[in-house]
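Residue-level structural notes
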Amino acid sequence: AVVSTQSTGTLVNSVPGDKRLVFIEGADDNLCIPMPKQVECGLTQSMLDQIVLDEIGNFFISIAGYSPPTREELQEYEEQEIARHRKRKIEATALSVRKMYPQI
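On a predicted model such as this, the values are computed, not experimentally measured, just so you know.

**Some points on helix H3 (residues 45-64)**
For H3, built from 20 residues, the straight-helix expectation of 28 Å at 1.5 Å per residue is met to within 8% by its first-to-last C-alpha distance of 29 Å. Along H3, the positions that sit buried rather than exposed are Gln 45, Leu 48, Val 52 and Glu 55. Angular distribution of buried residues about the axis of H3 spans 95°; they occupy a single face of the element. In H3, those exposed residues whose orientation departs by more than 90 degrees from the buried face are Ser 46, Leu 53 and Ala 64. The secondary structure elements touched by the buried residues of H3 are helix H2 (35-41). Residue Gly 65 follows H3 closely and has a positive phi angle near 75°.

What counts, and at which threshold
Residues numbered from 1 in each chain as written. Predicted model: local features only at pLDDT ≥ 70, side-chain atom pairs only at ≥ 80, totals over all residues. Heavy atoms only, no water. Helix = DSSP H or I, 4+ residues; strand = E, 2+ residues; numbered from the N terminus. Expected span 1.5 Å × (residues − 1). Buried < 20%, exposed > 50% of the residue type's maximum accessible area, 1.4 Å probe, protein only. Arc of directions from axis to C-beta. Contact = heavy atoms within 4.5 Å.

Right under this line is the structure:
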């Protein structure tokens, strides 16, 4: 759809959160870019799609006030999950042994 820059700017200013405009020149209504334009820009359709998705994600993150976890936080979480899994496995093994040998 063809929309004027002024009306787009008005709409963007009325929406809360951190926002940026990404103009995809030459795209159709589905944000598909013709092959000659892709070659001219040096981008594939997948790359353009990822740019749009990243911007949408950043916008929702800014509205929700959520910041993605740091690499250290992710590593700590993974270590905690591994420890929980090991603990459950040990407890399950101990329970199996108790069932097989109730006198222990």
